[in-house]
Amino acid sequence: MKIGVLALQGDFNAHRLRLEELGAKVVLVKKPAQLDEIDGLIIPGGESGTFLKLLGEDGFEKLRKFVRLKPTFGTCAGAILLAAEVENQKQAGLGAIDISIRRNAYGRQLDSSIREGKLLHAALNQKRADSPLEMVFIRAPKIERVGPGVEVMATEGTDPVAVRQGRTMAATFHPELSNDSRINQAFLDLVRVDQDSSD
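Summary of the structure given here.

Analysis parameters
Residues numbered from 1 in each chain as written. Predicted model: local features only at pLDDT ≥ 70, side-chain atom pairs only at ≥ 80, totals over all residues. Heavy atoms only, no water. Helix = DSSP H or I, 4+ residues; strand = E, 2+ residues; numbered from the N terminus. Contact = heavy atoms within 4.5 Å. Pairing = 2+ DSSP bridges. Buried < 20%, exposed > 50% of the residue type's maximum accessible area, 1.4 Å probe, protein only. Right-handed = clockwise from strand over helix to strand, strands pointing away. Axes fitted to C-alpha atoms, helices over the stretch in contact; angles between N-to-C directions. 1 Å grid on protein atoms, 1.4 Å probe; cavity = no way out; pocket = protein on both sides within 12 Å on 5 of 7 lines; lining within 4 Å. Points joined across faces, edges and corners; volume = space filled by probe spheres on them. Nonpolar A, V, L, I, M, F, W, Y, C, P; charged D, E, K, R; others polar. Arc of directions from axis to C-beta. Phe/Tyr/Trp six-rings, centres within 6.5 Å; stacked < 30°, edge-to-face > 60°.

What follows covers the side chain of Ser178. Topologically, Ser178 is positioned in the loop between strand 12 (168-171) and helix 4 (182-198). Excluding residues within four positions of it along the chain, Ser178 makes contact with Arg18, Glu134 and Val136.

Judged from the four bridges that link them, strand 5 (residues 83-87) and strand 6 (residues 97-102) form a sheet pairing that is parallel. Residue pairing in the sheet places Glu85 in a bridge with Ser100 of strand 6.

A separate point is the pairing of strand 1 (residues 2-6). Among the five residues in strand 1, four count as buried, and that is most of the element. Pairing analysis gives five bridges linking strand 1 to strand 2 (residues 25-29), with the strands arranged parallel. Across the sheet, the residue bridging to Lys2 is Lys25, located in strand 2. Regarding topology, helix 1 (residues 12-21) serves as the crossover connection from strand 1 to the parallel strand 2, and that connection is right-handed. Note that strand 1 and strand 3 (residues 40-43) share three bridges and pair parallel. If you follow Ile3 over to strand 3, its bridge partner there is Gly40.

All right, on to the sheet that holds strand 6 then. Taken together, the three strands give an open sheet; going across it, the order is 5-6-9, and neighbouring strands pair in mixed fashion. A single partner strand is all that each edge strand has here, and the edge strands are strand 5 and strand 9 (142-146). When strand polarity is set aside, the average angle formed by the axes of neighbouring strands in this sheet is 30°.

Glancing now at the layout of surface pockets. One number sums up the size of the largest pocket: a volume of about 250 Å³. Taken together, 18 residues form the lining of the largest pocket, with Gly45, Gly46, Cys76, Ile138 and Arg139 sitting closest to its centre. Residue composition of the lining of the largest pocket, by class: six nonpolar, seven polar and five charged.

Now for helix 1. For helix 1, the full list of buried residues reads Ala14, His15, Arg18 and Leu19. One side of helix 1 holds all its buried residues, which, seen down the axis, span an arc of 130°. Against strand 1, strand 2, strand 3, strand 4 (72-75) and helix 4 lie the buried residues of helix 1. Backbone geometry just downstream of helix 1 places Gly23 in the positive-phi region, at approximately 95°.

Scanning the entire structure with this criterion turns up two aromatic pairs. Aromatic pair Phe73 and Phe187: ring centres 5.6 Å apart, planes at 35°, arrangement tilted. Placement of the pair is Phe73 in strand 4 and Phe187 in helix 4, with a sequence separation of 114 residues. We note that Phe73, like Phe187, is buried. With centroids separated by 6.0 Å and ring planes inclined at 55°, the aromatic side chains of Phe137 and Phe173 adopt a geometry described as tilted. Highlighted residues: Phe137 in strand 8 (residues 131-137) and Phe173 in the loop between strand 12 and helix 4, separated in sequence by 36 residues.

Take a look at the structure:
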């Protein structure tokens, strides 16, 4: 499978390395036309407002269409772009997942941290009990509302930090910076299921 990583800003290279470790072919997406070549897309961390400026109107519209049709995973700023509602400066987004998210909810860069959260295995179609998951938070947003059609995949304390709705996944932390690859693998599994259902 061919996975794109939106490579306009942020640490897209860490995503590329992790995906390659898991056996995916990776395309660093810098032009809207490249969206036609891929089976799934990761929107990495960075600054969500800057993403919107760099995409431009045409790029944003092309991305909006892609997200409606193909599996997409947003981390940190990527999660903000995918959300239906954004607080702490409202901004336009892709509206692909029915969550409300608040930008910079955990403070500034200095307040970044590594925490242990919980992976909810039921969300990954596994039958084992919930298990610990290392989570790297960097100027992280917070999911404040989860819509009825959204599945919580992971929590930190009582907060949902990774969610899925249909073909779309979002995480407020950086799974590409952790030694634990299960969230990344969950996205590849989602792409594989989508490919199988399209065949």
